[in-house]
Every structure is written in C-alpha cells, then in structure tokens.
Amino acid sequence: MGTHIECLSASLSTAAPVDDRRWYVAYTYPRHEKSVADQLTHKSVESFLPTITTISRWRDRRVKIEQPLFPGYIFARISTREKLKVVSVPSVIRMLSFNEVPMPVDDADIDALMLCVSRGGALQPHHFTAIGERVRVREGMFEGLEGFVVRHHEGCSLVVTVSLIQQSVSLEIEESLLECVPSLAHTSLSSSRVARLQ
C-alpha cells in the first residue's frame, strides 16, 4: 500500500503543469503600444497588438503608417502571478482590473481578432456595438468568425467587439456568407460591470 501511494505521488509531481494563462489588457501611455509589446517580448511574455495601416500625406508623397487598432491598449497572455511582469514596464499605466484583480478578456474576442489579423482582414475602427443580430461566417476565408451584422447602402459589415475595453472593429463581407447565431450562444460583460473596471 505504501509503495502504491509513493508511486502515485511521484507520478503527480511529474505531471505537466496546468497552463492557467489568460489574455489580459494593459493600458499604456499614448503611442507607446509598440514599445510595450517589444518590452513584453523581452520578458518572454506573449502579447498581441493588432494594428491597422493608414495612408498619410507627407509633403509631396503618401506614406503608409501602421497604427494600433485600439490606441492605448495591448493584450498580454499571463497568469495572475505574472502581473508584475506587465505593470513593471515603464510605459504601462495599469492593467484593467475589477476590485484590483486583473480581468481576463473573453477568449472568443481574442480568437476573433487573431483570425481576422492572420487572414489579412481589412479591419476598420467601428463604434462600440454590443447588441444586434449576431452572425457567423459559414464559409470562405473567415469561416467561423462571429460578430454583429451591420447593413448599409454599400453592402454589409461584420462587427467584432472586445467587450472588456468597449471597442469594436468592422470587416466588409458578403452577406451571403453569413448565418444567424442563437442569441444565447454568446455572452458579454454587462455595461455596468465594464464601467466599474479600473
């Protein structure tokens, strides 16, 4: 019996550690997002900084400028024990928290953004949208992507929302590629709870 317990204890001690890392939001000083991303990489912290390319006229030519999709925000994938790695970066003001506890971003929100970025989606800033007709892309390059549909005279847009920071982006898409998603299939933070985030 004693030998059995010792063997069980040894097997548990050599088991792979549970990955409890989640995506959190760091709030940065203006125009310091890229610097924070670089410093987090130096600290071996996985970060995600979605960007958008804009065209700016400079003297006699046009210049492409890469800017953060969500100015002042950067996502970091850490466990709560690693909070110091993020807040110790000089350009980080704070992490978005509730009652001083960092609040994780909904995995579905990050997955949607990463899908758009990895497949070259031409994302554009959009006013915050948290209600409406929820749809899913059923086929094509963005198959599986979910969001809210917005129809306009030029066509149709799919709006992807990050509830925690109350920010949204849109992607032009053919309406024929969309299918409805049951309203109970997706939940988000209530507006009152988001308002209390520090």
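Here, every reference points to the structure presented above.
Each residue is numbered by its place in its chain's sequence as written, counting from 1. Where totals are concerned, whole chains, interfaces and linings use all residues; where local detail is concerned, this predicted model gives features only for residues with pLDDT of at least 70, and gives and counts side-chain atom pairs only at 80 or more. For side-chain calculations, the full set of non-hydrogen atoms in the structure is used, while hydrogens and water are omitted.

Caption draft 1: Just the overall build of the protein chain, in detail. The number of helices and strands found in the protein chain is five helices and 14 strands. Expressed as a percentage of the 198 residues in the protein chain, the buried residues total 36%. Of the roughly 12200 Å² that the protein chain leaves accessible, carbon and sulfur atoms contribute 53%. Note on conventions: DSSP H or I runs of at least 4 residues are helices, E runs of at least 2 residues are strands, and numbering of each starts at the N terminus. Only protein chains enter the accessibility calculation, which uses a 1.4 Å probe; a residue is then buried when its area is under 20% of its type maximum, exposed when over 50%, and partly exposed in between. Every accessible area reported is derived by Shrake-Rupley at a probe size of 1.4 Å, with residue values counting cover from the shown protein chains alone.

Caption draft 2: How the structure looks around the packing of aromatic side chains. Planes of paired rings set the category: under 30 degrees apart is stacked, over 60 is edge-to-face and the rest tilted, where pairs are Phe, Tyr or Trp rings (Trp by its six-membered ring) whose centres lie within 6.5 Å. In the structure shown here, the tally under the stated rule is four aromatic pairs. Geometrically, the ring pair formed by Tyr27 and Tyr73 is tilted, given 5.4 Å between the ring centres and 45° between the ring planes. Of this pair, Tyr27 sits in strand E1 (residues 22-28) while Tyr73 sits in strand E5 (residues 73-78), placing them 46 residues apart in sequence. On the basis of relative accessibility, which here comes to 28%, the residue Tyr27 falls in the partly exposed class. Take Tyr73: its relative accessible area is 17%, and that puts it in the buried class. Counting every residue linked through ring pairs, the aromatic cluster contains Trp23, Phe48, Phe70 and Phe75. Here, over-ring charges are defined by two tests on the NZ atom of lysine or the CZ atom of arginine: distance to the ring centre within 6 Å, and angle to the ring normal within 35 degrees. Here Arg134 stacks its cationic end above the ring of Phe148, 5.1 Å away from the centre of that ring.

Caption draft 3: Main features of the sheet that holds strand E11 (residues 146-152). We call two strands paired when DSSP finds no fewer than two bridges between them. The sheet built from six strands is open, its strands ordered E9-E13-E12-E11-E10-E14 with antiparallel pairing. Strands at the two margins of the open sheet, each flanked by one partner only, are strand E9 (124-126) and strand E14 (178-180). Sheet twist, expressed as the average angle between the axes of neighbouring strands with direction ignored, equals 45°. The pairing of E11 with strand E12 (residues 155-162) spans five bridges and is classified as antiparallel. By the bridge assignment for E12, His152 is matched with Gly155. Between two residues, a contact is recorded if the distance between any of their heavy atoms is within 4.5 Å. Helix axes are fitted only over the stretch in contact, all axes being lines through C-alpha atoms; the angle between N-to-C directions runs from 0 to 180 degrees. Together, E12 and strand E13 (167-172) form the strand contacts of helix H4 (residues 107-118), whose direction differs from that of E12 by roughly 130°.

Caption draft 4: A look at helix H2 (residues 33-42). Looking at H2, one finds that the buried residues are Glu33, Val36, Ala37 and Leu40. Buried residues along H2 cover an arc of 100° about the axis, so they all sit on one side. Among the exposed residues of H2, those oriented more than 90 degrees off its buried face are Lys34 and His42. Along its buried surface, H2 packs onto E1, strand E2 (46-48), strand E4 (61-68), E5, helix H3 (83-87) and strand E6 (92-95). Ser44, located one to two residues past H2, shows a positive phi value of around 65°. The directions considered for the arc are those from the helix axis to the C-beta atoms.

Caption draft 5: Inspection of the pattern of salt bridges at higher detail. Salt bridges, as used here, are contacts in which a Lys or Arg side-chain nitrogen is within 4 Å of a carboxyl oxygen on Asp or Glu. Under the definition given, this model contains 11 salt bridges. As a salt-bridge pair, Arg77 and Glu46 come within 3.4 Å of each other at their nearest N and O atoms. In this pair, Arg77 is assigned in strand E5 and Glu46 in strand E2, connecting sequence segments 31 residues apart. A salt bridge links Arg151 to Glu175; the shortest N-O distance between them is 2.5 Å. Taken together, the residues span a long stretch of sequence, with Arg151 in strand E11 and Glu175 in the loop between E13 and E14 at a distance of 24 residues.

Caption draft 6: Molecular detail of the side chain of Ser157. On the secondary structure map, Ser157 appears in strand E12. For the purposes of these results, a polar contact is taken to be a pair of N or O atoms within 3.5 Å, where, inside protein, one atom must be able to donate a hydrogen and its partner to accept one; residues adjacent in sequence count only when each atom of the pair is a side-chain atom. A polar contact of 3.0 Å, which involves the side chain of Ser157, links it to the side chain of His152.

Caption draft 7: Spotlight on the environment of Gly120. Turning to its location among the elements, Gly120 is positioned in the loop between H4 and E9. Separated by 22 residues in the primary sequence, Gly120 and Phe142 have C-alpha atoms spaced 9.7 Å apart.

All we've got here are geometric facts, nothing functional implied.
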